[in-house]
Amino acid sequence: MSFIKNFTEGAKIVFSRFQTRFFWIKFAQFAIPFFVIVTLISLLMNSSREIFAGDFTAVIKENFSDGKWQNFFGFKIFFSIIYALYVTNKNLK
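Residues numbered from 1 in each chain as written. Predicted model: local features only at pLDDT ≥ 70, side-chain atom pairs only at ≥ 80, totals over all residues. Heavy atoms only, no water.

Caption draft 1: The arrangement of the side chain of Ser 47 in detail. Along the chain, the position of Ser 47 falls in helix 2 (residues 21–53). Polar contacts involving the side chain of Ser 47 include one to the side chain of Asn 63, which spans 2.9 Å. With near-sequence residues (within four places) excluded, Ser 47 lies in contact with Val 59, Glu 62 and Asn 63. (Helix = DSSP H or I, 4+ residues; strand = E, 2+ residues; numbered from the N terminus. Polar contact = N/O pair within 3.5 Å; in protein donor to acceptor, adjacent residues only side chain to side chain. Contact = heavy atoms within 4.5 Å.)

As structure tokens, then:
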């Protein structure tokens, strides 16, 4: 019974933090830079040769054309949100 009680008390604390403006400002401070860094690293890993050669049409074709942008950005947005929620909640204790 104590597990359920502790879980519900913890959930109340977390959800009360979600309702504050300060939480979402801190969330954005973690999520946006993380998303940008992960995107840049991913582009460098996938298309470093084309980027350094200046062939940006090849970079666009390889990473973003024909609906590839959805997979490219979707994965990064999802993990940026999860990471930022975790770090923000952890730092507000």
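Caption draft 2: The arrangement of a nonpolar patch on the surface in detail. Nonpolar side chains collect at one region of the surface, where Phe 75, Ile 77, Phe 78, Phe 79, Ile 81 and Ile 82 lie side by side and expose about 570 Å² of accessible area between them. Relative to the helices and strands, Ile 82 is located in helix 4 (residues 68–91). (Patch = residues over 30% accessible without salt bridge, like charges linked within 9 Å, V, L, I, M, F, W, Y side chains within 5 Å. Areas by Shrake-Rupley, 256 points an atom, 1.4 Å probe, with all protein chains shown as cover. Salt bridge = Lys/Arg side-chain N within 4 Å of Asp/Glu carboxyl O.)

Caption draft 3: The arrangement of the confidence of the model for the protein in detail. On average, residues of the protein score 88 in pLDDT, and 98% of them reach the 70 mark or higher. Ranking the helices and strands of the protein by mean pLDDT puts helix 2 first, with 92, and helix 1 (residues 2–18) last, with 78. (pLDDT = per-residue confidence, 0-100.)

Caption draft 4: Layout of helix 2. Of all the bends in helix 2, the greatest measures close to 95° and is centred on Ser 47. Within helix 2 the residues assigned to the buried category are Phe 23, Phe 27, Ala 31, Thr 39, Ser 42, Leu 43 and Ser 47. Elements in contact with the buried residues of helix 2: helix 1, helix 3 (56–63) and helix 4. Two or three places before Phe 23, at the opening of helix 2, Thr 20 has a side-chain oxygen 3.3 Å from that residue's backbone nitrogen. Immediately downstream of helix 2, the backbone of Gly 54 shows phi near 85°, a positive value. (Bend = angle between axes of the 7 residues up to and from the residue. Buried < 20%, exposed > 50% of the residue type's maximum accessible area, 1.4 Å probe, protein only.)

Caption draft 5: Fine view of the packing of helix 3 against helix 4. Where helix 3 contacts helix 4, the axes come no closer than 7 Å and their chain directions differ by 80°. In terms of axis orientation, helix 3 runs roughly perpendicular to helix 4. Along the contact surface, helix 3 presents Lys 61, Glu 62 and Asn 63, while helix 4 presents Lys 68, Trp 69 and Phe 72. (Axes fitted to C-alpha atoms, helices over the stretch in contact; angles between N-to-C directions. Parallel < 35°, antiparallel > 145°, perpendicular 65-115°, else oblique.)

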